[in-house]
Amino acid sequence: MVDVYEWRGKFTNAEIEALHAEAFDHQPQGSDWQTRLDKHSLGWVCVRRSGQLVGFVNVAWDGSTHAFILDTMVAGPLRRHGVGTRLVAVAVRETKAAGCEWFHVDFDDDLPRFYLDSCGFRSTKAGLMRLTDR
Ligand SMILES: CC(C)(COP(=O)(O)OP(=O)(O)OC[C@H]1O[C@@H](n2cnc3c(N)ncnc32)[C@H](O)[C@@H]1OP(=O)(O)O)[C@@H](O)C(=O)NCCC(=O)NCCS
């Protein structure tokens, strides 16, 4: 099966919503991904298999040398076959090509093997603060 990885690939809001809802276990929320990404992202990577969106990662940035990985996601049945690692590798390549010097990610306790061992990030101290009540 040939997967197509595309930097700043085309997508519909409904496609991203469906993938995000499955990956992060929530109901679709009707977000306007297209407008948000166009406005705030350095880029994103879409992965398609037989035309269907099966993977996505968003690269937000500070407009200069720092970029941030958000919303890394792969469709459930395709996980643990290297799609996520290749997805992030395309994001790394394109972010570097855009002139960024630093690439950041934060993640839950279950994913150090993915981000550190597989994708090549190094562990560092970081902080995170929730600014809203649940
Ligand atoms: C995280 C995610 C993107 C990984 O995608 P993937 O295509 O399954 O990743 P890969 O197949 O490239 O994984 C490579 C290695 O990373 C590690 N890894 C990947 N997913 C893992 C998991 N859920 N738990 C523990 N280790 C994991 C494994 O070592 C894996 O190698 P192995 O399968 O030979 O053991 C995918 O599980 C996903 O979409 N999860 C739901 C959304 C999410 O939590 N995103 C992360 C937000 S920070």
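To keep things clear, this report deals only with the structure shown in the data block. If you're wondering where the values come from, they're calculated on a predicted model, not measured in any experiment.

## Observations concerning the overall build of the protein chain
Scanning the protein chain from terminus to terminus reveals 4 helices and 5 strands. Reading the secondary structure of the protein chain in the N-to-C direction produces β-α-α-β-β-β-α-β-α. Taking 14 Å as the expected radius of gyration for a compact globule of 134 residues, we find that the protein chain reaches 15 Å, a close match to that expectation. Taking the principal axes of the C-alpha coordinates as reference, the protein chain spans close to 40 × 35 × 30 Å. Here the protein chain holds 134 residues, and 34% of them are scored as buried.

## Topic: the nonpolar core
Core analysis: the biggest nonpolar cluster contains 31 residues, and Phe 11, Ile 16 and Phe 56 have the highest contact counts within it. Counting only elements with at least two residues in this core, the list comes to helix 1 (13-24), helix 2 (33-40), strand 2 (41-49), strand 3 (52-61), strand 4 (66-74), helix 3 (83-97) and helix 4 (112-118). Setting aside its immediate chain neighbours within four residues, Ile 16 contacts Phe 11, Trp 33, Leu 53, Phe 56 and Met 73.

## Digging into the pairing of strand 3
The element strand 3 is largely enclosed, with a buried count of 8 among its 10 residues. Taken together, the 8 bridges between strand 2 and strand 3 define a ladder with antiparallel strand orientation. Residue Arg 48 lies in a different strand from strand 3, and its bridge partner there is Leu 53. Between the end of strand 2 and the start of strand 3, which pair antiparallel, lie 2 residues, with Ser 50 showing a positive phi angle near 50°.

## What about the sheet that holds strand 3?
Judged by pairing direction, the sheet is mixed, and its 5 strands sit side by side in the order 1-2-3-4-5 without closing on themselves. At either end of the open sheet lies a strand with only one pairing partner, and these are strand 1 (3-7) and strand 5 (102-104). With strand direction ignored, the average angle separating the axes of adjacent strands in the sheet is 20°. Of the strand pairs in this sheet, strand 3 and strand 4 are connected by 6 bridges, and their pairing is antiparallel. Across the sheet, Trp 61 pairs through a bridge with Ala 67, a residue of strand 4. Docked against the sheet, helix 2 engages strand 2, strand 3 and strand 4, running at close to 135° with respect to strand 2.

Criteria and cut-off values
Residues numbered from 1 in each chain as written. Predicted model: local features only at pLDDT ≥ 70, side-chain atom pairs only at ≥ 80, totals over all residues. Heavy atoms only, no water. Helix = DSSP H or I, 4+ residues; strand = E, 2+ residues; numbered from the N terminus. Rg over C-alpha atoms; globule rule 2.2 N^0.38 Å. Buried < 20%, exposed > 50% of the residue type's maximum accessible area, 1.4 Å probe, protein only. Core = buried A, V, L, I, M, F, W, Y, C linked by side-chain atoms within 4.5 Å. Contact = heavy atoms within 4.5 Å. Pairing = 2+ DSSP bridges. Axes fitted to C-alpha atoms, helices over the stretch in contact; angles between N-to-C directions.

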